[in-house]
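The chain contents come next:
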Amino acid sequence: MTRIAPSILSADFAELAASIDRVAPEADLLHVDVMDGHFVPNLTIGPPVVAAIRRHTDLYLDCHLMMTNPGDFLEAFAKAGANGVSVHIEVDGTAELFAEMRKLGLDVGLAVNPDTPFEAYERWLPELDLVLVMTVFPGFGGQKFMAEVMPKLAQTRAAIAERGLRVSVEVDGGIDERTGPVAALNGADTFVAGNAIFGAEDPRAAARRIRDAVDE
Ligand code: DX5
Ligand code: ZN
C-alpha cells in the first residue's frame with residue numbers, strides 16, 4: 001500500500017495549520033523533520049511544535065529525528081503526540097533506544113544516511129516498524145534525489161520480504177512524481193515529499209500526482 005508523507009519542512013511555518021489542512025485529504029502521514037543544529041547543520045522544530053500540530057490534526061505524525069541525542073527527547077515527543085519516531089543509525093547507541101520507544105508507545109523507525117551501508121542496520125530490521133532510507137543527505141529540503149541509493153533500497157526490501165517481516169520502507173529526499181516511481185520499483189512503500197508538495201500551487205493535487213505516479 002502506497003503512503004504519502006508530506007514533509008512540513010517546506011511549508012510556511014507561520015501558516016502551519018492552513019498548510020496542513022491544504023494537504024491533509026491526500027496525506028497518510030505527516031512527516032516532521034526535527035533538526036538539532038548538530039547532527040545536521042540546520043535547526044528546525046521540536047516537541048512544542050509537534051504538540052501544537054497534534055492539537056490541530058489527527059494525522060499520523062511521523063517524526064524524523066536528525067539529532068545527536070534523540071534519547072533525551074523521546075519522552076517529550078511521545079507526550080507531544082508523535083505516533084512514530086525515527087532515529088538515525090549514524091548516532092551511537094540508537095539501537096538501545098528501540099525498547100524505550102516501545103515503552104512510550106511510539107512506532108519504531110530507523111533512518112539511514114545515503115552512505116551508510118546495508119550491513120550497518122540489517123540486524124535491526126526485525127525490531128522496526130519502519131526503515132527510513134534517505135535519498136539525500138539530511139539537513140535541507142529541495143535537494144536532488146540520489147539514484148545511487150536504489151540498490152541499497154532494493155536490498156532492504158528483499159531482506160524484509162525474505163524474513164517475512166512487516167516493516168514499512170520509507171524514502172525521503174528529492175521525491176516527486178518522477179523519482180517516486182523509481183523508489184517504488186526498488187521497494188519503497190512510504191514516500192516523503194516536501195518541496196514537490198508544498199512548493200506546488202496546489203499541495204493536495206501535487207501529493208495526488210505523486211501517489212498516482214507511484215501506483216501506475
Ligand atoms: C531532509 C529531510 C526531508 C526533507 C525532504 O533532511 O529529512 O524530510 O523535508 O524535502 P524534499 O522533499 O524537498 O527533498
Ligand atoms: Zn525527513
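What counts, and where the lines are drawn
- Residues numbered from 1 in each chain as written.
- Chains lettered and ligands numbered in written order.
- Predicted model: local features only at pLDDT ≥ 70, side-chain atom pairs only at ≥ 80, totals over all residues.
- Heavy atoms only, no water.
- Helix = DSSP H or I, 4+ residues; strand = E, 2+ residues; numbered from the N terminus.
- Rg over C-alpha atoms; globule rule 2.2 N^0.38 Å.
- Buried < 20%, exposed > 50% of the residue type's maximum accessible area, 1.4 Å probe, protein only.
- Areas by Shrake-Rupley, 256 points an atom, 1.4 Å probe, with all protein chains shown as cover.
- Lys, Arg positive; Asp, Glu negative; His and termini not counted.
- Charge placed at Lys NZ, Arg CZ, Asp CG, Glu CD.
- Pairing = 2+ DSSP bridges.
- Axes fitted to C-alpha atoms, helices over the stretch in contact; angles between N-to-C directions.
- Contact = heavy atoms within 4.5 Å.
- Donors = N, O, S within 2.8 Å, 3.2 Å for Na, K, Ca; no water.
- Tetrahedral: all angles 85-135°; square planar, octahedral: opposite > 155°, others 65-115°.
- Phe/Tyr/Trp six-rings, centres within 6.5 Å; stacked < 30°, edge-to-face > 60°.
- Near = heavy atom within 4 Å.
- Polar contact = N/O pair within 3.5 Å; in protein donor to acceptor, adjacent residues only side chain to side chain.

### Section: the overall build of the protein chain
(1) Moving on: Of the regular secondary structure elements, the protein chain holds 8 helices and 8 strands.
(2) Moving on: Over its C-alpha atoms the protein chain spans a radius of gyration of 16 Å, differing by no more than 12% from the 17 Å that the globule rule assigns to 216 residues.
(3) Moving on: Principal-axis analysis of the C-alpha atoms gives the protein chain an extent of 40 × 40 × 30 Å.
(4) Moving on: Taken over 216 residues, the protein chain has a buried fraction of 54%.
(5) Moving on: Accessible surface for the protein chain amounts to roughly 9500 Å². Of this, 49% is attributable to carbon and sulfur atoms.
(6) Moving on: Here the protein chain holds 18 positive side-chain charges and 33 negative ones, and the gap between their average locations is 4 Å.

### A closer look at the sheet that holds strand 4 (residues 84–88)
Note: strands within a sheet are paired through backbone hydrogen bonds, in either parallel or antiparallel orientation.
(1) Moving on: Spatially, 1-8-7-6-5-4-3-2 is the arrangement adopted by the 8 strands of the open sheet, whose pairing is parallel. In this open sheet, the two edge strands, each paired with only one partner strand, are strand 1 (3–6) and strand 2 (29–35). Here the average twist between neighbouring strands, direction ignored, is 25°.
(2) Moving on: Examined bridge by bridge, strand 4 and strand 5 (residues 107–112) share 5 bridges and lie parallel to one another. Opposite His88, over in strand 5, you have Ala111 as the bridge partner.
(3) Moving on: Lying over the sheet, helix 2 (residues 47–56) contacts strand 2 and strand 3 (60–66), oriented at roughly 170° with respect to strand 3.

### A short note on the coordination of the zinc ion (ligand 2)
(1) Moving on: Around the zinc ion (ligand 2), the protein contributes the donor atoms His31 (NE2), Asp33 (OD), His64 (ND1) and Asp172 (OD), at 2.1 to 2.3 Å from the metal centre.
(2) Moving on: Considering all 6 donor atoms around the zinc ion (ligand 2), angles at the metal cover 71 to 169° and the coordination shape is octahedral.
(3) Moving on: For the zinc ion (ligand 2), the single-chain donor residues occur in sequence as H-x1-D-x30-H-x107-D. Of this pair, His31 sits in strand 2 while His64 sits in strand 3; the two residues are 33 residues apart in sequence, bridging distant segments of the chain. Of the two residues examined, His31 and His64, each falls in the buried class.

### Overview of the packing of aromatic side chains
(1) Moving on: Tallied over the entire structure, the rule returns 2 aromatic pairs.
(2) Moving on: Measuring from centroid to centroid gives 5.5 Å for Phe118 and Tyr121, while their planes differ by 85°, and the two rings are edge-to-face. Residue Phe118 shares its accessibility class with Tyr121, and that shared class is buried.

### Let's talk about the site of ligand 1
(1) Moving on: As a structural note, the neighbourhood of ligand 1 is formed by 20 residues, with Asp33, Gly139, Gly142, Asp172 and Gly194 the closest of them.
(2) Moving on: Residue Ser7 places a side-chain N or O atom 2.8 Å away from an oxygen atom belonging to ligand 1.
(3) Moving on: Between Gly142 and ligand 1, the recorded distance is 2.8 Å, taken from a backbone N or O atom to an oxygen atom.
(4) Moving on: When the free accessible area of ligand 1 is taken as 390 Å², the share hidden by the protein chains comes to 99%.
(5) Moving on: Going through the elements one at a time, strand 2, strand 3 and strand 8 (190–193) are the ones with two or more residues in the shell around ligand 1.

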